[in-house]
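The residues making up each chain are set out below.
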Amino acid sequence: MESSGENPASDPKPESVPDEDFGTLKYQLLGPSLTKAGQDSVDQQKVSEIIYNASRGSKFFKHEQDRDRNLTLKIERILKEKARLERLDLSSELRRADEYLAELESSRELSQHVIHVDCDAFFAAVEELDRPEFKTVPMAVGKGVLTTCNYLARKFGVRSGMASFVAKKLCPQLVLLPPNYDKYTAKAKEVRAIMAEYDPLFESASIDEAYLNITAYCDENHLEPDEVVQRMRAEILETTKVSVSAGIAANAKIAKIASNLNKPNGQFQVPNEREAIMKFMRDLSVRKVNGIGRVFERELESIGVKKCGDIYPHRALLTKLFGEKAFQFLAQCYLGLGRTKIEPVETHERKSVSTETTFHEIGDKEELRAKLWWAAQELEKDMARTHFKGRTLALKVKLHTFEVLTRQTAPSRAVFLAKDLYSFALPMLAKLEKDIPNIKLRLLGLRCSNLVSTQKVGINFFGVATQPKPATEPTSEPAPISTSDVNVYHEICAEEAFEAAARQEIQDEMNDLEQLSQETPDVHEPEASAAPPVVETPAMWDCPVCTRPQIADDRAFNEHVDFCLSRQTIREVVQDTSEETSSIPPNSRKRKLPSQAGIPEMDPKQKRLFFQ
DNA sequence: GCGGATCAC
DNA sequence: TATGGTGATCCGC
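We now turn to the structure provided with this report. These figures come from a predicted structure and were not determined experimentally.

So, how was this worked out
- Residues numbered from 1 in each chain as written.
- Chains lettered and ligands numbered in written order.
- Predicted model: local features only at pLDDT ≥ 70, side-chain atom pairs only at ≥ 80, totals over all residues.
- Heavy atoms only, no water.
- Salt bridge = Lys/Arg side-chain N within 4 Å of Asp/Glu carboxyl O.
- Helix = DSSP H or I, 4+ residues; strand = E, 2+ residues; numbered from the N terminus.
- Buried < 20%, exposed > 50% of the residue type's maximum accessible area, 1.4 Å probe, protein only.
- Expected span 1.5 Å × (residues − 1).
- Polar contact = N/O pair within 3.5 Å; in protein donor to acceptor, adjacent residues only side chain to side chain.
- Arc of directions from axis to C-beta.
- Contact = heavy atoms within 4.5 Å.
- Near = heavy atom within 4 Å.
- Nonpolar A, V, L, I, M, F, W, Y, C, P; charged D, E, K, R; others polar.

Quick notes on the pattern of salt bridges
At step 1: For the coordinates displayed, the defined rule picks out 34 salt bridges.
At step 2: Taking the shortest distance from any N to any O, the salt bridge between Asp66 and Arg69 comes out at 3.0 Å. Within this pair, Asp66 and its partner Arg69 are both found in helix α3 (residues 59-86), separated by 3 residues, close to a single helical turn.
At step 3: A residue is classified by how much of its surface remains accessible, and Asp66, at 38% relative accessible area, is partly exposed.
At step 4: Taking the shortest distance from any N to any O, the salt bridge between Asp435 and Lys431 comes out at 2.7 Å. With Asp435 and Lys431 both in helix α17 (residues 418-435), this residue pair falls 4 residues apart, about one helical turn.
At step 5: The structure contains a network of salt bridges with shared partners spanning Glu105, Arg108, Arg274 and Glu275.

Some points on helix α16 (residues 365-386)
At step 1: The terminal C-alpha atoms of α16, which comprises 22 residues, lie 31 Å apart, in line with the 32 Å expected from a rise of 1.5 Å per residue.
At step 2: Of the residues flanking the start of α16, the one acting as N-cap is Asp364, its side-chain oxygen 3.3 Å from the backbone nitrogen of Glu366.
At step 3: Immediately beyond the C-terminal end of α16, within one or two residues, lies His387, with a positive phi of roughly 60 degrees.

Digging into the environment of Ser302
At step 1: Summarising the element assignment, Ser302 is placed in helix α13 (residues 294-302).
At step 2: The sequence separation of Ser302 and Leu79 amounts to 223 residues, and the corresponding C-alpha distance is 7.4 Å.
At step 3: In this structure the side chain of Ser302 is engaged in a polar contact, spanning 2.6 Å, whose partner is the backbone oxygen of Glu299.

Observations regarding helix α12 (residues 274-282)
At step 1: All buried positions along α12 are accounted for by Ile277, Met278, Phe280 and Met281. Viewed along the axis of α12, the buried residues span an arc of 160 degrees, placing them on a single side of the element. Among the exposed residues of α12, those pointing more than 90 degrees away from its buried face are Glu275 and Lys279.
At step 2: Against the buried residues of α12 lie α11 (252-258), β8 (267-269) and α15 (324-335).

Here's the deal with the protein's contact with DNA strand C
At step 1: Residues in close proximity to DNA strand C total 24 residues, the closest being Ser55, Ser354, Glu356, Thr358 and Arg442.
At step 2: In the model, a phosphate oxygen of DNA strand C is placed 2.9 Å from a nitrogen or oxygen of the Ser352 main chain.
At step 3: Here a phosphate oxygen of DNA strand C sits 2.5 Å away from a polar atom, N or O, in the main chain of Ser354.
At step 4: With 7 residues, the top contributor of residues to the surface near DNA strand C is strand β9 (residues 352-362).
At step 5: A breakdown of the residues in the surface near DNA strand C according to their chemical character gives 8 nonpolar, 8 polar and 8 charged.

It is worth stressing that arrangement in space is one thing and function is another; only the former is reported here.
Set out below in structure tokens:
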């Protein structure tokens, strides 16, 4: 449909910036979710300026600049290579490409009805259910960066993935809520319960997205796919009070794209006909395709591929320029092909388990060891929860410059205990410290891969992974719809118990950490301290509107928030947004307050529950 | 197999 | 002042 204002490469350069190609950099700074819905009426150029000015001079900005320069260089190489190739005889490459296209075409599947369902501004929508006042003001969920924002906030150019201080510059009256993942998980469960009625083997793509194959449902109920989806969306809205958007198509790839076209609270169907599909793809920006991000978009654009239809005339070059996999992927995009097999996530095999955290710049070796020990303990918990050991252990660090480095090792045995994770990771950290003088980190993480299951049941005689897979949600109903071959088995309860226990441990671990940072963990097996006293902390929550800490009492807190909201001039919000983003005063509001250091967060640690 | 990069959410 | 965490995949060496 629209998709007009999405390529700011045509920015006329403002006078204030020096003469270099800042167009691409600004585009980069706009963030990854530019193509998302809700941005159509926004003046991207003004937004871009504000973001640019908010970021300028920071280490983050310098890093983005570096990346942008490198990409520009890479693109120059691509263009040189393209020019070289075009002087050669490409007929055999062309033939090869056409053969592959023909082969793909012969496998085209049009008999299935696949849908992609996507909750609209999910986290924000869930928060609005609890606090309807937030429906009428621009609001976002997130801490350092936003995970979601409502549609009112999007009118200001606010987007998910954006640093919250940048968002505040774009929209000073933005209400910022801390995320509450347990709440979203619970709501997601309600939504999934309904989706299961339409396809018991639906596939959760994330907490707020799913793929369903509704072919059987359509047949059994003598309904057209769009009728089924209307019905399902209405049912979801009715019973869970969150709205969803959906795409209906012959395969998952097109359904995913289509679900974005009538957001929010809408649906879009691409008919199961070859011609309709080809036409749909022909005019579709490649960026809309799942898997083509900002970098690949720029690379493709440089050789003249903006829309999926542009892929065809370049087919002979793609393998040489971008590799075989990329060619195959693009060929499928051109033809509008994608998978039709939809299956529960539980049937996917996990490849890695990891944890990482960002912190203030740290150069002190003791402090870094404490962070490593913390990461090791976190990873141990995740390894226990997922029932794995790892034969490979990787250390990830992000320098204060935002440069990311990873180092990995194959321990002598599969590891999962914190003390082993720590002691095998420490030498890698030490080597980095040695190789990079004056190293300062802003992130540290650990990852286990090459996984070995530790589940009692699934390990057969030869050690081959034959894991029992949970099939359905742990609903109160005993196996709602028979799913024939999939076993309904699982340790969901065990997992939940583990999560609860894990939460209780957090306080303990903070105490461990404190001790460690004083005592200095040894290079060998650090010990966890036993039964530390519970630290009494003052219970305070930050007001999402004025950001001041408030006594953590539900009623008093809510009253305070309402009061703050009422002080916000609502008319600020109901403006025509297309030009108003310019009139954001540089330093509009009161605020400016005491640092909140030491004040505990409102929510427990973020935790992504994967198979749930 | 390792390390860097990209991508999605 | 200040820019996330988890998991997957691909490429070049």
